[in-house]
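Listed below are the residues making up each chain.
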Amino acid sequence: MVLFSNDLDKAMAAMILANGFAAAGMKVNIFFTFWGLSVLRKNPAPKVQKDRISKMFGWMLPLGASKLALSKMNMLGIGTALMKDVMRKQNVLTLSELIQSARTAGVRFIACDMAMGVMGISREELIEVDEVAGVATFAELSKKGNTLFI
Amino acid sequence: MVLFSNDLDKAMAAMILANGFAAAGMKVNIFFTFWGLSVLRKNPAPKVQKDRISKMFGWMLPLGASKLALSKMNMLGIGTALMKDVMRKQNVLTLSELIQSARTAGVRFIACDMAMGVMGISREELIEVDEVAGVATFAELSKKGNTLFI
Amino acid sequence: MVLFSNDLDKAMAAMILANGFAAAGMKVNIFFTFWGLSVLRKNPAPKVQKDRISKMFGWMLPLGASKLALSKMNMLGIGTALMKDVMRKQNVLTLSELIQSARTAGVRFIACDMAMGVMGISREELIEVDEVAGVATFAELSKKGNTLFI
């Protein structure tokens with residue numbers, strides 16, 4: 001599974017599917033790339049020396065799972081807050097809880113090294129991942145089964 | 001196949017692929033979740049008792065296949081109307097016709113129970129589906145073949 | 001692989017994955033449809049006789065790989081220019097170079113005939129592709145392996 005997006009709705013869908021697949025006994029790997037890297041960012045951010053461009057990316061991209069916004073009906077954050085509220089009442093896990101649950105279920109997290117380079121994000125700024133790797137690693141994993149692009 | 005989106009262009013792509021796969025002899029299941037649920041809404045909507053939040057979702061989300069908009073170049077509806085017009089002249093089936101065709105070809109429609117709960121949509125508000133189910137059901141189906149996320 | 005999008009970030013992701021899969025020894029086919037057709041447009045555009053609607057599509061859609069914009073943080077083109085600049089400094093190939101590289105690696109390019117009809121794009125307006133075909137051709141290819149929708 002490739003998680004390319006940092007939309008709250010898509011990241012949740014990815015994690016719900018990952019948890020579901022793991023529960024069904026499948027081995028699941030998630031390759032976090034491009035915008036999807038944001039989902040793994042630690043909040044609060046650790047102090048790291050950065051150049052000007054990397055600082056700008058750091059400032060413009062959402063700081064971790066709790067800061068994502070809906071891809072639609074965000075309405076300056078009102079829609080996102082409302083959706084989170086409705087989900088809590090329906091006992092849907094939050095994105096952070098879904099990530100925890102996926103980790104516990106053995107879902108492997110791989111952070112894309114090229115995206116980290118472009119956005120100037122270092123490993124210490126991310127929550128614990130199993131591996132930092134490139135597309136070659138992911139291609140090998142893809143040979144063994146289904147691949148989703150989210 | 002997971003249909004997550006309610007963009008007209010993506011829903012059409014999903015249905016064209018579903019019809020194509022079915023014609024090629026493959027068994028196709030579509031799991032309608034999140035925004036994708038809108039595609040299944042009956043129009044006109046049946047009268048149903050709802051709480052305030054569910055009413056709001058009902059009012060803000062498109063009422064079925066004929067009300068979707070393009071993901072790009074929608075231009076307040078002008079682009080969408082124009083695209084529909086061009087497609088009609090090119091003898092491309094409408095989304096509603098593609099859905100009909102998929103049903104006739106034996107494509108199975110599964111509505112996501114979690115999304116229905118969150119958006120306060122009940123089964124009677126949807127066009128005929130084969131099953132209302134959760135991610136566990138979909139994960140089992142995914143074991144048997146390709147999975148697309150649209 | 002279906003390339004449905006004409007966002008720069010998604011088209012690049014598709015090409016990076018295609019190159020990675022090909023390098024891992026997999027046979028890769030890309031089916032360019034709907035917005036994704038824009039990625040294949042020649043720039044400058046060859047002179048072709050067109051009706052009014054097709055001219056409008058030609059004018060509104062990006063003219064080839066070098067003209068795409070980011071799906072997020074485009075900011076009237078500033079974000080896209082900045083991202084391209086950062087990528088160049090990180091020695092990431094441009095989209096045009098990734099396309100060249102994919103072609104050299106034997107990735108097959110298929111242009112969707114239905115999308116070409118709807119948008120009034122003829123084969124001579126596209127860079128060299130292996131085939132112009134419909135969903136039936138793609139469905140047959142999908143039987144043999146993984147399918148991504150980007």
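The model shown is predicted, which means the values in this text are computed figures rather than measured ones.

Draft legend 1. Local environment of the sheet that holds strand E3 (residues 108-112) of chain B. Residue and element names in this part refer to chain B. Pairing is parallel in the open sheet, where 4 strands are placed in the order E1-E2-E3-E4. The strands lining the two open edges of the sheet, one partner per strand, are strand E1 (2-3) and strand E4 (131-133). Pairing analysis gives 3 bridges linking E3 to E4, with the strands arranged parallel. Bridged to Cys112 within E4 is Ala133. Docked against the sheet, helix H6 (residues 135-142) engages E1, strand E2 (29-32), E3 and E4, running at close to 150 degrees with respect to E2.

Draft legend 2. Here's a closer look at the sheet that holds strand E1 (residues 2-3) of chain C. Residue and element names in this part refer to chain C. Strand order in the open sheet formed by 4 strands is E1-E2-E3-E4, with parallel pairing between adjacent strands. Of all the strands in the sheet, just E1 and strand E4 (131-133) have a single pairing partner and so form its edges. Sheet analysis places strand E2 (residues 29-32) next to strand E3 (residues 108-112), joined by 4 bridges and oriented parallel. Bridged to Phe32 within E3 is Ala111.

Draft legend 3. View of the packing of helix H3 (residues 78-89) of chain B against helix H2 (residues 52-60) of chain C. Closest axis-to-axis distance for the H3 of chain B/H2 of chain C pair is 12 Å, and the angle between their directions is 130 degrees. Judged on the interaxial angle alone, H2 of chain C and H3 of chain B are oblique. H3 of chain B and H2 of chain C meet at a crossing whose hand is left-handed. Each of Leu82, Met83 and Val86 of chain B in H3 of chain B lies in contact with H2 of chain C, whose residues at this interface are Ile53, Met56 and Phe57 of chain C. In the contact of H3 of chain B with H2 of chain C, the residues fall into 6 nonpolar, no polar and no charged.

Draft legend 4. The arrangement of the relation of the copies chain C and chain B in detail. For the pair chain C and chain B, the superposition axis carries a translation of 0.0 Å, the fit reaches an RMSD of 0.0 Å, and the rotation angle comes to 120 degrees. What we have between these two chains is a three-fold relation. Each copy contacts the other with its own distinct surface, as only 16% of the interface residues of chain C are interface residues in chain B too.

Draft legend 5. Layout of the side chain of Ser142 of chain A. In this fold, Ser142 of chain A is placed in helix H6 (residues 135-142). In this structure Ser142 of chain A comes out as buried when scored by relative accessible area, which is 3%. The residues touching Ser142 of chain A, leaving out its near neighbours within four places in the chain, are Thr147 of chain A together with Phe21, Met26 and Asn146 of chain C.

Draft legend 6. Main features of the relation of the copies chain A and chain C. The transformation that overlays chain A on chain C combines an axial shift of 0.0 Å with a rotation of 120 degrees, and the residual RMSD is 0.0 Å. With a heterologous cut-off of 20% or less, the 16% of interface residues of chain A that recur at the interface of chain C puts this contact in the heterologous class.

Draft legend 7. Looking closely at the interface of chain C and chain B. Taken together, the 25 residues of chain C in the interface contact 25 residues of chain B. Summing the contributions of chain C and of chain B, the shared interface buries around 2200 Å²; its carbon and sulfur component is 78%. Contact with chain B buries surface across chain C, with Trp35, Val118 and Phe149 of chain C losing the most and accounting together for 26% of the total. Counting across the interface, chain C meets chain B through 1 salt bridge. Residue Asp7 of chain C is joined to Lys72 of chain B by a salt bridge in which the shortest nitrogen-to-oxygen separation is 2.5 Å. Here chain C is connected to chain B by 8 residue pairs in polar contact (both at pLDDT 80 or more). Elements represented by at least two residues in the side of chain C that touches chain B include exactly H2, helix H5 (113-119) and helix H6 (135-142) of chain C. Sorting elements by how many residues they give to the side of chain C that touches chain B places H6 of chain C first, with 5 residues. Its residues placed into classes, the side of chain C that touches chain B shows 15 nonpolar, 6 polar and 4 charged.

Draft legend 8. Quick peek at the interface of chain A and chain C. Between chain A and chain C, the contact holds 25 residues from the first and 25 residues from the second. Interface of chain A and chain C: buried area, both sides summed, is about 2200 Å²; carbon and sulfur atoms make up 78% of it. Applying the counting rule to chain A against chain C returns 1 salt bridge. Where chain A meets chain C, there are 8 residue pairs in polar contact (both at pLDDT 80 or more). If one sorts the elements of the side of chain A that touches chain C by residue count, H6 of chain A sits on top with 5 residues. Of the residues that constitute the side of chain A that touches chain C, the class distribution is 15 nonpolar, 6 polar and 4 charged.

Draft legend 9. Broad picture of the packing of aromatic side chains. Scanning all chains against the criterion turns up 15 aromatic pairs over all chains. Here Phe31 of chain C and Phe138 of chain C contribute two aromatic rings whose centre-to-centre distance is 5.0 Å and whose plane-to-plane angle is 20 degrees, an arrangement assigned as stacked. Here Phe31 of chain C is found in strand E2, whereas its partner Phe138 of chain C is found in helix H6, with 107 residues between them in sequence. The two residues Phe31 of chain C and Phe138 of chain C agree in class, both being buried. Look at Phe32 of chain C and Phe109 of chain C: their rings are 4.9 Å apart centre to centre, the planes differ by 55 degrees, and that puts the pair in the tilted class. In this pair, Phe32 of chain C sits in strand E2 while Phe109 of chain C sits in strand E3, placing the two residues 77 residues apart along the sequence. We classify Phe32 of chain C as buried; its relative accessible area is 0%. Among the aromatic residues, those joined into a cluster by ring pairs are Phe4, Phe34, Trp35 and Phe149 of chain A.

Draft legend 10. Just unusual backbone geometry, in detail. Following Asn43 of chain B, the chain continues into Pro44 of chain B via a peptide bond in cis, with omega recorded as 5 degrees. Despite not being glycine, Asn91 of chain C shows a phi value in the positive range, around 60 degrees. Following the sequence through the fold, Asn91 of chain C ends up in the loop between helix H3 (78-89) and helix H4 (95-104). The class for Asn91 of chain C is exposed, based on a relative accessible area of 68%.

Scoring rules and cut-offs
- In every chain, residue numbers begin from 1 and rise along the written sequence.
- Chain A is the first chain written and ligand 1 is the first ligand written, with later ones labelled in order.
- Local features are withheld for residues below a pLDDT of 70 in this predicted model, meaning they are given only at 70 or higher, and side-chain atom pairs are given and counted only at 80 or more; totals for whole chains, interfaces and linings count all residues.
- Values shown for side chains rest on all heavy atoms present in the structure; no hydrogens or waters enter the calculation.
- Here, strands pair whenever DSSP counts at least two bridges between them.
- Every helix listed is a DSSP run of H or I at least four residues long, and every strand listed is a run of E at least two residues long, numbered separately from the N terminus.
- Here, two residues are considered to be in contact whenever any of their heavy atoms come within 4.5 Å of each other.
- To obtain each axis, a line is fitted to C-alpha atoms, and for helices this fit is confined to the stretch in contact; angles are then taken between N-to-C directions over 0 to 180 degrees.
- Angle categories: roughly parallel below 35 degrees, roughly antiparallel above 145, roughly perpendicular from 65 to 115, and oblique for all the rest.
- Left-handed describes a crossing in which the near helix is turned anticlockwise from the far one by less than a right angle; the clockwise case is right-handed.
- Charged means Asp, Glu, Lys or Arg here, nonpolar means Ala, Val, Leu, Ile, Met, Phe, Trp, Tyr, Cys or Pro, and polar covers whatever is left, Gly included.
- Overlaid copies result from least-squares superposition on C-alpha atoms, with residues included only where pLDDT is at least 70 in both.
- A 1.4 Å probe rolled over the protein chains alone gives each residue an accessible area, and that area as a share of the maximum for its type sets the label: buried under 20%, exposed over 50%, partly exposed in between.
- Once two parts are brought into contact, the accessible area they lose, counted with a 1.4 Å probe and summed over both, makes up the buried area.
- The working definition used for a salt bridge is a side-chain nitrogen of Lys or Arg within 4 Å of a carboxyl oxygen of Asp or Glu.
- Think of a polar contact as two N or O atoms within 3.5 Å of one another; within protein, one of them needs to be a possible hydrogen donor and the other a possible acceptor, and neighboring residues in sequence only count if both atoms come from side chains.
- What counts as a ring pair is set by centres within 6.5 Å for rings of Phe, Tyr and Trp (its six-membered ring), and what kind of pair is set by the plane angle: stacked under 30 degrees, edge-to-face over 60, tilted for all other angles.

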